Amino acid sequence: MRQTPLEILKTVFGFDGFRENQQKIIQTVLDGGDAFVLMPTGSGKSICYQIPSIILSGVGLVVSPLIALMQNQVEAMRQNGIRAAFLNSSLSLDESKQIERQVLNGQCDILYVAPERLFMERFQNFLVKIPIALFAIDEAHCVSQWGHDFRPEYLRLVEVTRRFPAVPRIALTATADSVTRKDIVDKLDLSAALQFVSSFDRPNINYQVKLKANGKKQLLEFIQNDHCSEAGIVYTRTRKRTDETARWLQDKGVNALPYHAGMDAQTRQHHQHRFLREDDIIIVATIAFGMGIDKPDVRFVAHLDLPSSMEAYYQETGRAGRNEQPADAWMVYSLADVVAMRRLLETSDGNAAFKRIKQQKLEALLGYCESATCRRQVLLGYFGEAYPEACGNCDTCRQEIETWDGSVAAQKALSCVYRTGQRFGAAHLTDVLAGNRTERVQQLRHDQLKTFGVGDGLSRIEWLSVFRQLLAGGFLTVDMGKISGFRLTEKSWPVLKGMQQVQLRKDPHPFKLKRSVKPSSRKVLEFEDEGETQLFEKLRLLRLEIARQLALPPYVVFHDKTLKEMAILKPQNRTAMLQVTGIGEQKLERYGDRFLDVIKE
Ligand code: ZN
């Protein structure tokens, strides 16, 4: 008799119960239906196709663009005793053939494939010979140009699945706004599929956005104060900045390694490998890094430059704290970043509709940065999810942001832009407002203007803050001319005419004056007594030893959470050991006794 999904969850994966939607999704697929699944990273997406693949006869085909990740995913499944394999360009023809034979002989339940492979003639001939349990299309947002990682080959997936109309399909993604969502359903022909949308909230992530004063220094302070000897990812926009930042952090004694597409493959691989296998490596990367990284104990993700969109931000920050322990999403940005983003938008190609969607996405990102209210509310709101109360786990919740009526200041600033000919940037405009008779001001006779010197009530830094917020709020944009100054928008006029109020935020100090939270309460693990802490450390050492012997990342052996439970529950025999989260029969068989020995000591 075949096992039920819950039995498999317990015996194979070692979990007691399903999370939101998992069971319904699994049942839908088992009943032969299609499913479209939106579930944030770290909430058990893959179980939704793994369990049906085990139960149904035939092999579950998982399409994933993450070639770098396949091997780890498959290895992690094998550790749980699941018959899984992958086929991608990293294998030799002989190796591929061997795996194909296993599948033909019914010795494989889950097969991961890269999308390109599906279209190869050789593979197509293979497909018709095997019983297919299901098609799982992972990272489904890759099919949409509105997603943050469009891959044209995904558009052709539907050609393949159409040839097997009786095989259930399950498409999964961890991020998509409503436009992208609709696009995925259209492109993958899933209008009849049941949709399952889980909450996008990642309650253990503490969101923080700060003004950039000296980004690298702020980053170092953040790492030293909150994440000493912990794993993290730092994102920067360019390769050059990636290299520079990594080197600078190394000089300051931080275990940082660069990662970007310009490095030779071997070094890149080596850095990624160390990041996965060691506990305290910080990777400094361009946005290229991360897809394909599944490390559960990343304690922070930092952005030294703005991400490209809210989806990208959500995806990138989502790499922190996958083991549900406290983690930080930290970002700094400046007026220059806002100018750069606006310019990128103005220069982008495409028709009006394309630009309008782009524009909305940019507005959303800047609005998030400038928010004076709970960041989680803004972030989840972007994905169409209401979050009724302030979360208490973001910077604007922890430190109230003061706002002020900036209507008059906005009028002065906009008027100054207009009277100087809509050609100048914040530095010169601030000189005019502050009444500074610089060489340039005199040369251009801007000291003759009505707005000259009307702004002496605010400091230079405060004026820069006003310009940044006007630009972020769409009251100004960047001109495309050679000088690239600020220009008025449709939204400027109601403000200039006094018909619209403008609320601005008072920027908090860019450097922390004191630690926001006591370090003790930030400890990832909270034990009752010293004995538990010591036991946990011993279990960690044993895990590291086993992982080294098997050449696996430590978390593939056991997650931190599992070790923590072991240290607290102190199981004395195999039956008790099975009660610990994350220990199924296979892992008990493989490692149980060695961990029991340490606990009994
Ligand atoms: Zn909040």
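From a predicted model like this one, the values you see are computed outputs, not experimental measurements.

**Q** Got a minute to help me understand the pattern of salt bridges in this structure?
**A** Pairs can form between side chains of opposite charge once their charged atoms are near each other. Under the criterion given, the structure shown has 34 salt bridges. Taking the shortest distance from any N to any O, the salt bridge between Arg241 and Asp305 comes out at 3.0 Å. Separated by 64 residues along the polypeptide, Arg241 in helix H11 (residues 239-251) and Asp305 in the loop between strand E12 (300-303) and helix H13 (310-317) bring together distant segments of the chain. Relative accessible area serves as the criterion here: at 29%, Arg241 is assigned to the partly exposed category. A salt bridge links Asp593 to Arg574, with the nearest nitrogen and oxygen atoms 3.2 Å apart. Note that Asp593 is positioned in helix H28 (residues 585-600) and Arg574 in helix H27 (residues 574-577), a separation of 19 residues in sequence. A residue is classified by how much of its surface remains accessible, and Arg574, at 31% relative accessible area, is partly exposed.

**Q** I tried to follow the pairing of strand E4 (residues 110-113) on my own but got confused; where do I start?
**A** When a strand is regular, its side chains alternate between the sheet's two faces. Covered by surrounding structure in E4 are Ile110 and Tyr112 together with Leu111 and Val113, the residues of both alternating faces. The pairing of strand E2 (residues 59-63) with E4 spans four bridges and is classified as parallel. If you follow Val63 over to E4, its bridge partner there is Val113. Relative to E4, strand E3 (residues 84-87) is paired through four bridges, and the arrangement is parallel. The residue of E4 that forms the bridge with Phe86 is Tyr112.

**Q** Explain unusual backbone geometry here, please?
**A** The bulk of non-glycine residues show a negative phi, and the bulk of peptide bonds are trans. The backbone phi angle of Asn21 is positive, close to 70°, even though this residue is not glycine. Within the secondary structure layout, Asn21 lies in the loop between helix H1 (5-13) and helix H2 (22-30). A positive phi angle, close to 70°, is found at Glu324, a residue other than glycine. You can see Glu324 is positioned in the loop between H13 and strand E13 (327-333). Residue Glu324 is classed as partly exposed on the basis of its relative accessible area, which comes to 38%.

**Q** Please clarify how the sheet that holds strand E6 (residues 169-173) should be interpreted in this entry.
**A** Backbone hydrogen bonds hold the strands of a sheet together, and the pairing may be parallel or antiparallel. Pairing is parallel across the open sheet formed by seven strands, whose spatial order is E3-E4-E2-E5-E6-E1-E7. Looking at strand neighbours, the two that pair on one side only are E3 and strand E7 (194-197), the edges of this open sheet. Taken over all neighbouring pairs, the strand axes of this sheet differ in orientation by 20° on average, direction set aside. Relative to E3, helix H5 (residues 93-104) is tilted by about 135°, and along the sheet it contacts E2, E3 and E4.

**Q** When you look at the domain arrangement of the protein chain in this model, what are you seeing that I'm missing?
**A** Structurally, the protein chain comprises domain 1 (5-197), domain 2 (205-333 + 371-398), domain 3 (403-505) and domain 4 (530-600). The C-alpha-based centres of domain 1 and domain 4 are spaced at 30 Å. Facing 13 residues of domain 1, the contacting portion of domain 4 comprises 14 residues. The largest share of the area that domain 1 buries against domain 4 comes from Thr11, Gly14 and Gln79, three residues that together contribute 48% of it. Seen at the junction of domain 1 and domain 4, the total is zero salt bridges.

**Q** Could you clarify how one ought to interpret the coordination of the zinc ion in this entry?
**A** Metal coordination angles in their ideal form are 109.5 degrees for the four-donor tetrahedron and 90 or 180 degrees for the six-donor octahedron. Every protein donor of the zinc ion is accounted for by Cys374 (SG), Cys391 (SG), Cys394 (SG) and Cys397 (SG), and the metal-donor separations fall at 2.4 Å. Here the zinc ion is ringed by four donor atoms whose angles at the metal span 101 to 119°, and the overall shape comes out tetrahedral. For the zinc ion, the donor residues sit on a single chain with the sequence spacing C-x16-C-x2-C-x2-C. By relative accessible area, which is 19% here, Cys391 ends up buried.

**Q** What is the right way to read helix H24 (residues 530-550) from this model?
**A** Think of an α-helix as 3.6 residues a turn; residues three or four steps apart then line up on the same face. When the terminal C-alpha atoms of H24 are compared, their 30 Å separation across 21 residues agrees well with the 30 Å that a helix rising 1.5 Å per residue should span. In this fold, the buried residues of H24 make contact with helix H25 (554-557), helix H26 (560-569) and H28. Near the N-terminus of H24, the side chain that reaches the backbone nitrogen of Gly531, with its oxygen 2.9 Å away, is that of Asp529.

**Q** Honestly, the sheet that holds strand E11 (residues 282-285) in this entry has me stumped. Any pointers?
**A** One open sheet holds the six strands; their spatial order is E8-E13-E12-E9-E11-E10, and the pairing between them is parallel. Looking at the sheet topology across the chains shown, the edges are occupied by strand E8 (205-211) and strand E10 (256-259). Ignoring which end each strand starts from, the neighbouring axes of this sheet average 15° apart. Here E8 pairs with E13 via seven bridges, running parallel. If you follow Gln208 over to E13, its bridge partner there is Trp330. Sheet strands in contact with H11 are E10 and E11, and its direction is about 170° off that of E10.

**Q** Would you mind going over the pairing of E3 with me for this structure?
**A** Here E3 shows no split at all, with Ala84 and Phe86 on one side and Ala85 and Leu87 on the other all buried. With H5 bridging E3 and the parallel E4, this β-α-β connection has right-handed handedness.

**Q** Mind showing me how you'd approach the packing of helix H15 (residues 352-369) against helix H16 (residues 375-382) here?
**A** Two quantities define a packed helix pair, namely the angle between the axes and the distance from one axis to the other. In contact at an axis separation of 9 Å, H15 and H16 are set at 165° when each is read in the N-to-C sense. When the axes of H15 and H16 are compared, the pair comes out roughly antiparallel. For the crossing formed where H15 meets H16, the hand is left-handed. Seen from H15, the contacting residues are Lys361, Ala364, Tyr368 and Cys369; seen from H16, they are Arg375, Val378, Leu379 and Tyr382. Across the contact of H15 with H16, the residue classes break down as six nonpolar, no polar and two charged.

Definitions and limits used
Residues numbered from 1 in each chain as written. Predicted model: local features only at pLDDT ≥ 70, side-chain atom pairs only at ≥ 80, totals over all residues. Heavy atoms only, no water. Salt bridge = Lys/Arg side-chain N within 4 Å of Asp/Glu carboxyl O. Helix = DSSP H or I, 4+ residues; strand = E, 2+ residues; numbered from the N terminus. Buried < 20%, exposed > 50% of the residue type's maximum accessible area, 1.4 Å probe, protein only. Pairing = 2+ DSSP bridges. Axes fitted to C-alpha atoms, helices over the stretch in contact; angles between N-to-C directions. Contact = heavy atoms within 4.5 Å. Domains from an automatic or database assignment. Buried area = accessible area lost by both parts, 1.4 Å probe. Donors = N, O, S within 2.8 Å, 3.2 Å for Na, K, Ca; no water. Tetrahedral: all angles 85-135°; square planar, octahedral: opposite > 155°, others 65-115°. Expected span 1.5 Å × (residues − 1). Polar contact = N/O pair within 3.5 Å; in protein donor to acceptor, adjacent residues only side chain to side chain. Right-handed = clockwise from strand over helix to strand, strands pointing away. Parallel < 35°, antiparallel > 145°, perpendicular 65-115°, else oblique. Left-handed = near helix turned anticlockwise from the far one by under 90°. Nonpolar A, V, L, I, M, F, W, Y, C, P; charged D, E, K, R; others polar.

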